[in-house]
Amino acid sequence: MTKFRLAHLGLVMAAIGFNAAAPMVGMSSVAYAADAVRAEIGKPLQEAQKLAASGKNKEALAKLKEADAVGGKTDNEKYLIERTRASAAMAAGDYDTAARAFETVINSGKLSAGETAKFSEALAGIYYRAKDYPKAITWFQRILKDNPGDTQAREYLTQIYYSSGKYAEAAKELQNAKSLSESQLGMLANIQLKQNDKVGYVQTLEKLAGSYPKTSYWADLLQRVVAKPGFSSTLNLDILRLKLALGLLTKPSDFMEMGQLSLQTGNPAEALKIIDEGYKKGALGQGSDAERHKRLKDLALKNEADFAAKQATTLAEAEKNKDADAMFNLGFALVSAGKADQGMKLMDQAIKLGTAKRPEEMKLHYGIGQINAGKKAAGISTLKSVKGSNGEAEVARYFVLQNKG
């Protein structure tokens, strides 16, 4: 959230100022308002306004002291003096004097509802600028009491809570808001970190990654889910899939690991795509490990050649043993190889067998497979239904976020 800025001085002056050329009524009063003003007050008051109108605000404040010296002032005379003082003090940069004058004017009961709001916002801003946070909070709360829908005032109040270390109050304001900007979400995330609210922090980080997909948000989010107690290592390939899609896969070791894991699941087509991407980005085929990179690619090419020859045998064994995982992996690999219809059919059969070792993980991969097969809407729907306590639900949710665009 950006630092609070006072309302434009010209607008404030327009809201609280007077006509410096206000007409005289006889020799005893000046027509500043409906009530008459005595000449001994009206004369220095009008002169103070003329000085302020010409930019001589300090002189205007000095002239008002003549009006201050007059005894027996009516409420209206006090109001007009303080209103003029508020205008001149604001323009002169004398915020202590302006604040006192503003409070008097606001509490006079002579302002319209619209003027009260403008004066109150200006006064709250003065106190914020002076770092008098308790009074700034009081006045912004007063503004919101009269106008609960004033989103700008609520943003400023939240910023003040945060700046003054009232993190619980700031978090409450942010959590009750209908929508939050990137900076507001960032503020909430910072508060949650300070309060060691790990669950809340991840939830906010997910909102940031989903709405403002910066690599820094995604990198933090994926690192945290992998470090979560109970996270299944069988999901490491899925994390790498996300990183690849998000442009977070850059190190040679990442491409090598992802390629090897894909081969281990019997998916040479995916492995080759990953390895080729690594070569394209210059992460593979360079340096002292270039030969290792080549060996992995050669292995992937060999496995790809063997895949078609062994496909029928692999399927027959899976059907004989009612091995849902083997059948499913074969189907997923076929989708990766561009044979979407054939692959999805096998994946459907595998799910119906009901013998998966990790059913929620299979559902996760089914959703990913649907997306890879060009059925994005269906895939997202599947991913949203994924449960599980070993990271499956989080990874599924992150694939949804990554594919929401």
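Everything below is about the structure printed above this text.
A. The packing of aromatic side chains, seen in detail. Applying the stated criterion to the full structure yields five aromatic pairs. Between F102 and F119, the aromatic rings sit 5.3 Å apart at their centres with planes inclined by 50°, giving tilted as the arrangement. Taken together, the residues span a long stretch of sequence, with F102 in helix α5 (residues 95–106) and F119 in helix α6 (residues 113–129) at a distance of 17 residues. Residue F102 shares its accessibility class with F119, and that shared class is buried. A cation over an aromatic ring shows up here: K297 above the ring of Y279, its NZ or CZ 5.1 Å from the ring centre.

B. Quick peek at helix α8 (residues 151–163). The terminal C-alpha atoms of α8 lie 18 Å apart, and with 13 residues this matches the ideal 18 Å at 1.5 Å per residue to within 8%. Residues A153, Y156, L157, T158, Q159, I160 and Y161 constitute the buried set of α8. Residues of α8 that are buried in the fold lie against α6, α7 (133–146), α9 (167–176) and α10 (182–194). Where α8 starts, the residue carrying a side-chain oxygen 3.3 Å from the main-chain nitrogen of Q152 turns out to be D150.

C. Structural context of the packing of helix α15 (residues 268–280) against helix α16 (residues 290–321). The N-to-C vectors of α15 and α16 enclose an angle of 150°; their axes lie 9 Å apart at closest approach. Judged on the interaxial angle alone, α16 and α15 are roughly antiparallel. By crossing handedness, the relation of α15 to α16 is classed as left-handed. For the pair formed by α15 and α16, the contact residues are P268, A271, L272, I275, D276 and Y279 on the first element and A290, H293, K294, L296, K297, A300, L301, N303, E304 and F307 on the second.

D. Quick peek at the packing of helix α13 (residues 236–246) against helix α21 (residues 392–402). At a minimum axis separation of 11 Å, α13 and α21 run at an interaxial angle of 15°. By the angle between their axes, α13 is roughly parallel relative to α21. Taken as a pair, α13 and α21 cross one another with a handedness that is left-handed. Contacts between α13 and α21 pair D238, I239, R241, L242, A245 and L246 from the former with V395, Y398, F399 and Q402 from the latter. The residue makeup of the contact of α13 with α21, split by class, is seven nonpolar, one polar and two charged.

What counts, and at which threshold
- All residue numbers refer to positions counted from 1 along the written sequence of the respective chain.
- Thresholds applied to this predicted model are a pLDDT of at least 70 for local features of residues and 80 or more for the giving and counting of side-chain atom pairs; totals over whole chains, interfaces and linings are not thresholded and use all residues.
- To obtain the side-chain values, all non-hydrogen atoms of the structure were used and water was disregarded.
- We call Phe, Tyr and Trp rings a pair once their centres come within 6.5 Å, taking the six-membered ring for Trp, and we label the pair stacked below 30 degrees between planes, edge-to-face above 60, and tilted otherwise.
- Helix and strand assignments follow DSSP, with helices taken as H or I runs no shorter than four residues and strands as E runs no shorter than two, numbered in order from the N terminus.
- Per-residue accessibility, obtained with a 1.4 Å probe over protein chains only, is compared with the maximum for each type, and a residue is labelled buried under 20%, exposed over 50%, and partly exposed between these values.
- Each ring is checked for a lysine NZ or an arginine CZ that lies within 6 Å of its centre and within 35 degrees of its normal; such an atom marks a charge sitting over the ring.
- Take the number of residues in a helix, subtract one, and multiply by 1.5 Å to get its expected span.
- Residue contacts are defined here by distance: any two heavy atoms, one from each residue, within 4.5 Å place the two residues in contact.
- Think of a polar contact as two N or O atoms within 3.5 Å of one another; within protein, one of them needs to be a possible hydrogen donor and the other a possible acceptor, and neighboring residues in sequence only count if both atoms come from side chains.
- Helix axes are fitted to C-alpha atoms over the stretch in contact, other axes to C-alpha atoms as well, and angles between N-to-C directions run from 0 to 180 degrees.
- When an angle is under 35 degrees it counts as roughly parallel; over 145 it counts as roughly antiparallel; between 65 and 115 it counts as roughly perpendicular; any other value is oblique.
- By convention, the crossing between two helices is left-handed when the near helix turns anticlockwise from the far helix through less than a right angle, and right-handed when the turn is clockwise.
- Amino acid classes used here: Ala, Val, Leu, Ile, Met, Phe, Trp, Tyr, Cys and Pro are nonpolar; Asp, Glu, Lys and Arg are charged; the rest, including Gly, are polar.

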